[in-house]
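Examination of the molecular architecture
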Amino acid sequence: MSTLRTVALGVGGIAIGLFGVLLARRKAPSEGHAAPDLALDKPHPTATDRAPEAFRPDPTAAVPESEREALRPATGPVPSMVEPRGSMASQTGA
């Protein structure tokens, strides 16, 4: 009985493996459109290249009230892995 169980598990494992190979080899659906500016044969932009005028943000634009909290600078103590200065002096014990 255990030989039959071993053979069944082996056949099941092979079937799952073949199914995985078939899934990996199938073609992905062709959704969307081609992005020729992201093609591998195009040169990479350098520090001197600028985005087209239509894609540059307006530095003089007003910040909406809903986004002001997200742009506020972080204040408060900086997270650290070490004890704050002077904390050992306040501890008692020996």
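Let us look at the structure shown here.

Counting secondary structure elements, the protein contains two helices and zero strands. Taken across its 94 residues, the protein has 1% of its residues classed as buried. Element-wise, carbon and sulfur atoms account for 63% of the exposed surface of the protein, whose accessible area totals about 10000 Å².

Quick look at helix 1 (residues 2–25) now. With 24 residues, helix 1 ought to run about 34 Å at 1.5 Å a step, and its terminal C-alpha atoms sit 35 Å apart, in line with that. Helix 1 sits mainly on the outside: zero of its 24 residues count as buried.

Scanning the entire structure with this criterion turns up three salt bridges. We note a salt bridge from arginine 56 to glutamate 53, for which the minimum N-O separation is 2.9 Å. Taking the relative accessible area as the measure of exposure, arginine 56 reaches 29% and is therefore partly exposed. The exposed category is assigned to glutamate 53, whose relative accessible area is 60%.

Thresholds applied
Residues numbered from 1 in each chain as written. Predicted model: local features only at pLDDT ≥ 70, side-chain atom pairs only at ≥ 80, totals over all residues. Heavy atoms only, no water. Helix = DSSP H or I, 4+ residues; strand = E, 2+ residues; numbered from the N terminus. Buried < 20%, exposed > 50% of the residue type's maximum accessible area, 1.4 Å probe, protein only. Areas by Shrake-Rupley, 256 points an atom, 1.4 Å probe, with all protein chains shown as cover. Expected span 1.5 Å × (residues − 1). Salt bridge = Lys/Arg side-chain N within 4 Å of Asp/Glu carboxyl O.

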